[in-house]
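Fold and contact review
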Amino acid sequence: MCAANWRQLAACKQSGDVTQAARHATEIRDHTSGVHGKP
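All of these numbers come straight from a predicted model, not from anything done at the bench. (Residues numbered from 1 in each chain as written. Predicted model: local features only at pLDDT ≥ 70, side-chain atom pairs only at ≥ 80, totals over all residues. Heavy atoms only, no water.)

The next thing to look at is helix H1 (residues 2–15). Compared with an ideal rise of 1.5 Å per residue, which puts 14 residues at 20 Å, H1 spans 20 Å between its outermost C-alpha atoms and is within 8% of the ideal. For H1, the complete set of buried residues consists of Cys2, Asn5, Leu9 and Cys12. Along the long axis of H1, the arc covered by the buried residues comes to 80°, so they all point the same way. Exposed and facing more than 90 degrees away from the buried side of H1 are Arg7, Gln14 and Ser15. Looking one or two residues past H1, Gly16 carries a phi angle of roughly 85°, positive in sign. (Helix = DSSP H or I, 4+ residues; strand = E, 2+ residues; numbered from the N terminus. Expected span 1.5 Å × (residues − 1). Buried < 20%, exposed > 50% of the residue type's maximum accessible area, 1.4 Å probe, protein only. Arc of directions from axis to C-beta.)

As structure tokens, this is what we get:
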């Protein structure tokens, strides 16, 4: 999951899609902080 988000984040940054890049960055942040998947 995280690896896929990192790849998608990089792709979005390269294409200039800042909105999607921010979304992926948020998912990465939430996952690494332990927030990801908690109710």
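By the element assignment, Ala25 lies in helix H2 (residues 18–32). As a C-alpha pair, Ala25 and Gln8 span 17 residues in sequence and 9.4 Å in three-dimensional space.

Moving on to the side chain of Asn5. In this structure, Asn5 sits in helix H1. On the accessibility criterion, Asn5 (5% relative accessible area) is buried. Other than its neighbours up to four places away in sequence, Asn5 contacts His24, Glu27 and Ile28. (Contact = heavy atoms within 4.5 Å.)

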